[in-house]
Amino acid sequence: MAGVKMVSALVLIVVMAVSLGGKWAAAEVHHVVGDDRGWDLPSDVAGWSSGRVFRVGDKLWFTYSAAQESIAEIKSKEEYESCDVSNPIKMFTDGLDSILLDGEGIRYFVSSNTENCKNGLKLHVDVVPKHTPEKPKVSKSEGSALAVAAAPTTPTPSGAPSRISASFALFFVGLGLCFMGF
């Protein structure tokens, strides 16, 4: 009888995994701004963001030297272009900051060091709904190029570890159910 329960539990887990298609596991993507270089002048943050899709529920991770840098989230395109950090929405100063993209719309992040900001250490993201496919797009403003994060039609590699981790978690839940005699 225990063998039938074990097989039933495994079949249930496989059916759940197949029916979900991994979509539930990839709902949140963690974007490390600038990849390995982090939030740093030579990291080409605008180039990094080009071709990426930022969706509601994703997180941005900023890594930087807190002794030399801080990040300001600002309200407008005008503040972004002029590197005006006099009235920020929020300042980030820890050196490792996680920012939840909790709503649709444009978000602006700049170096609080005006000189670094004017030399290109700033990020502009367009947060789209969770389930909306986007095509790559780039908009230009006078004096600077703004990389509008939009995206490839295939998932980004940064989402793959989430799917793998979720698959392992699902496997271990099933394995646990089998050993418990369900």
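About the thresholds
Residues numbered from 1 in each chain as written. Predicted model: local features only at pLDDT ≥ 70, side-chain atom pairs only at ≥ 80, totals over all residues. Heavy atoms only, no water. Helix = DSSP H or I, 4+ residues; strand = E, 2+ residues; numbered from the N terminus. Polar contact = N/O pair within 3.5 Å; in protein donor to acceptor, adjacent residues only side chain to side chain. Contact = heavy atoms within 4.5 Å. Salt bridge = Lys/Arg side-chain N within 4 Å of Asp/Glu carboxyl O. Buried < 20%, exposed > 50% of the residue type's maximum accessible area, 1.4 Å probe, protein only. Pairing = 2+ DSSP bridges. Disulfide = S-S within 2.5 Å.

**Student:** How would you explain the side chain of Asp97 if you had to name every residue and give the values?
**Tutor:** Checked against the element boundaries, Asp97 lands in strand β6 (residues 96–100). Of the polar contacts made by the side chain of Asp97, one reaches the side chain of Tyr64; its length is 2.3 Å. When sequence neighbours within four positions are dropped, the list of residues in contact with Asp97 reads Leu60, Trp61, Phe62, Tyr64 and Phe92.

**Student:** Break down the pattern of salt bridges for me, with residues and values.
**Tutor:** Per the counting criterion, the structure on display carries four salt bridges. Across the salt bridge formed by Arg37 and Asp40, the nearest N and O atoms sit 3.6 Å from each other. Across the pair Asp102 and Arg107 runs a salt bridge, and its minimum N-O distance is 3.7 Å. For Asp102, a relative accessible area of 58% corresponds to the exposed category. Among the residues examined, Arg107 registers a relative accessible area of 15% and is labelled buried. Overlapping salt bridges bring together Glu73, Asp102 and Arg107 as one network.

**Student:** Help me get a handle on the sheet that holds strand β8 (residues 122–128), residues and values and all.
**Tutor:** Within a sheet, each strand pairs with its neighbour through backbone hydrogen bonds, oriented either parallel or antiparallel. Judged by pairing direction, the sheet is mixed, and its five strands sit side by side in the order β2-β8-β7-β4-β5 without closing on themselves. The sheet terminates laterally at β2 (54–55) and β5 (90–92), the two strands that pair on one side only.

**Student:** How would you summarise the state of the cysteines if you had to cite specific residues and measurements?
**Tutor:** Across all of its chains, the model carries one disulfide by this definition. With a sulfur-sulfur separation of 2.1 Å, Cys83 is cross-linked through a disulfide to Cys117. One disulfide, between Cys83 and Cys117, carries an S-S torsion of -80° and so falls in the left-handed class. In this pair, Cys83 is assigned in the loop between α3 (77–82) and β5 and Cys117 in helix α4 (residues 114–118), connecting sequence segments 34 residues apart.

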